[in-house]
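Tertiary structure, described
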Amino acid sequence: MTMLSSASDCARKPILFVDCDGFLFNTIPAHVRYFHDRYGVTISESEFLAHPDLIELLRMHDPALCDIPGSQIFDALNYEFMNSWEYHQGVEPMPDMPHYLKLLDAYFEIRIVTLRSSIGKPVMYKLIEKYIPGIISEIHCVHILDTENRLSVISKREYISNHKVVGSAFGDDSLHQIETTHDIVPSILYDPYGAHNNNPVVRTGEITRARSWQGLYDFFMKQLPAETQKTSYES
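One structure accompanies this document, and this report is about it. (Residues numbered from 1 in each chain as written. Predicted model: local features only at pLDDT ≥ 70, side-chain atom pairs only at ≥ 80, totals over all residues. Heavy atoms only, no water.)

A look at the overall build of the protein chain
Worth spelling out the cut-off: A run of H or I in DSSP counts as a helix once it spans at least four residues, and a run of E counts as a strand once it spans at least two, with each numbered from the N terminus. Both definitions apply: the radius of gyration is a C-alpha atom measure, and the globule rule equals 2.2 Å times residues to the power 0.38. Accessible area is worked out with a 1.4 Å probe on protein chains only. A residue is then buried under 20% of its type maximum, exposed over 50%, and partly exposed in between. In this description, contact between two residues means that some pair of their heavy atoms is separated by no more than 4.5 Å. Here the Shrake-Rupley method, with its probe set to 1.4 Å, supplies the accessible areas, and only the displayed protein chains count as covering residues.
Along its length, the protein chain carries 12 helices and 9 strands. Computed over its C-alpha atoms, the radius of gyration of the protein chain comes to 18 Å, within 12% of the 18 Å expected for a compact globule of 235 residues. Taking the principal axes of its C-alpha atoms as reference, the protein chain extends roughly 60 × 45 × 30 Å. For the protein chain, the proportion of its 235 residues judged to be buried stands at 46%. The contacts of the protein chain with a sequence gap of at least 6 include a subset with a gap of at least 24, amounting to 63%. Carbon and sulfur atoms make up 51% of the accessible area of the protein chain, which amounts to about 11700 Å² in all.

Encoded structure:
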């Protein structure tokens, strides 16, 4: 069963770096369910979107969680949620994502860059095979665990900086991640729910934003070399 595209399919293409959660797939309902099952905490999807600090959000709902180290909460999230197909089997793609990603596949090598731990790769492979088979060439997890459970960290910025080529671009639903990369590669914030409507860097246009996958597609296609753009319009 082929889950990732082959290296030969990606030869000489610019690289499109894409986030996973909230960008390719809507995993918010699955997260909310896990936190309720694990801690008895009921978090709304709007709260989840509005609070980038997950540990702080959980502790707001249950102060008793202040007694649990944040690292322990994240370890549980990795091993009990990120690695669980049971929690992910109902996850769906973001609206129109499969359609536009398939169109982009003709012009880009597409790689996932995610804050998820590498132990969650099998779950991501299943989501890829279910919705976008043969399109993703590589998954880079920022948090990498080796066979002896030793952790190494390679940030999205570092990974993208080391692999970008002419025409490459990056998309993420995290404003923080876009702010850390837009000086090294064309980057766009995916904000389908308008969570960043009042943020100054978004309102002034310092950070480019799209509200839909069509908007993302238009932005990514504009990053291609001029001759490739011309060919794509003629095809």
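Re the nonpolar core
So the rule is basically this: Throughout this description, the term nonpolar core refers to a set of buried Ala, Val, Leu, Ile, Met, Phe, Trp, Tyr and Cys residues connected via side-chain atoms within 4.5 Å.
Counting 56 residues, the largest nonpolar core has Leu24, Leu101, Leu104, Trp213 and Phe220 as its most contacted members. The residues contacting leucine 24, other than those within four sequence positions of it, are Val18, Asp19, Pro93, Met94, Met97, Leu101, Ile112, Ile132 and Trp213. Val113, Ile160, Ile184 and Val185 belong to the second largest nonpolar core, which has 14 residues in total.

Considerations on unusual backbone geometry
In the Ramachandran plot, aspartate 96 falls in the positive-phi region, its phi being about 70 degrees despite a non-glycine side chain. When you line up the elements, aspartate 96 lands in the loop between strand 3 (92-93) and helix 6 (97-104).

Description of the side chain of glutamate 109
Stated formally: By the criterion applied in these results, polar contacts are pairs of N or O atoms within 3.5 Å in which, for protein atoms, one can donate a hydrogen and the other can accept it, and in which residues neighboring in sequence qualify only through two side-chain atoms.
You can see glutamate 109 is positioned in strand 4 (residues 109-117). Polar side-chain contacts of glutamate 109 include one of 2.7 Å to the side chain of serine 137.

Some thoughts on the packing of aromatic side chains
Each pair of aromatic rings is reported with the distance of its centres and the angle of its planes. Here is the rule: Each Phe, Tyr or Trp ring, with Trp reduced to its six-membered ring, pairs with another whose centre is within 6.5 Å; inter-plane angles below 30 degrees give stacked pairs, above 60 give edge-to-face pairs, and intermediate values give tilted ones.
This model, assessed by the stated rule, comprises 11 aromatic pairs. A ring pair is formed by phenylalanine 219 and phenylalanine 220, whose centres lie 5.9 Å apart and whose planes are at 70 degrees; its orientation type is edge-to-face. Phenylalanine 219 sits in the buried class, given a relative accessible area of 13%. For phenylalanine 220, a relative accessible area of 0% translates into the label buried. Through pairs of rings, three or more aromatic residues link up here, namely Tyr34, Phe35, Phe81 and Tyr87.

Looking at helix 1 (residues 28-39)
Selection rule: Expected helix span is taken as 1.5 Å per residue step, with the number of steps being one fewer than the number of residues.
An ideal rise of 1.5 Å per residue puts 16 Å on 12 residues; helix 1 measures up with 16 Å between its terminal C-alpha atoms. Ile28, Ala30, His31, Val32, Tyr34, Phe35 and Tyr39 are the residues of helix 1 that are buried. Those residues of helix 1 hidden inside the fold are in contact with strand 2 (25-26), helix 2 (45-50), helix 3 (54-61), helix 4 (70-82), helix 5 (85-88) and strand 4. Within two residues after helix 1, glycine 40 carries a phi angle of roughly 70 degrees, on the positive side.

Thoughts on the pairing of strand 8 (residues 187-190)
Remember that side chains alternate between the two faces of the sheet whenever the strand is regular. Using the following cut-off: Here the rule is simple: two strands pair whenever DSSP picks up at least two bridges between them.
Along strand 8, one buried face is formed by Ser187 and Leu189 and the opposite face, lined by Ile188 and Tyr190, is buried too. Bridging between strand 7 (residues 169-172) and strand 8 involves 3 bridges; their strand directions are parallel. Bridge pairing links glycine 171 to isoleucine 188 in strand 8. Both strand 8 and strand 9 (residues 208-210) contribute to a ladder of 3 bridges, which runs parallel. Bridging from a neighbouring strand, isoleucine 188 pairs with threonine 208 of strand 9.

Looking at the sheet that holds strand 1 (residues 15-18)
Condition: Note on method: axes are straight lines fitted to C-alpha atoms, helices fitted across the in-contact stretch only, with angles between N-to-C directions ranging 0 to 180 degrees.
Sheet architecture is open: 7 strands sit in the order 6-5-4-1-7-8-9, paired in mixed fashion. On the outer flanks of this sheet lie strand 6 (151-153) and strand 9, each paired with one strand and no other. Strand-to-strand twist across the sheet, computed as the mean angle between neighbouring axes with direction ignored, equals 30 degrees. Where helix 7 (residues 121-131) meets the sheet, it contacts strand 4 and strand 5 (136-145), and its direction lies at approximately 160 degrees from that of strand 5.

What about the pattern of salt bridges?
Test applied: When a carboxyl oxygen of Asp or Glu lies within 4 Å of a side-chain nitrogen of Lys or Arg, that pair is called a salt bridge.
Under the definition given, this model contains 11 salt bridges. Across the pair arginine 111 and glutamate 138 runs a salt bridge whose closest N-O atoms are separated by 3.9 Å. In this pair, arginine 111 sits in strand 4 while glutamate 138 sits in strand 5, placing the two residues 27 residues apart along the sequence. For aspartate 191, the salt bridge goes to arginine 209, with nearest N and O atoms at 2.8 Å.

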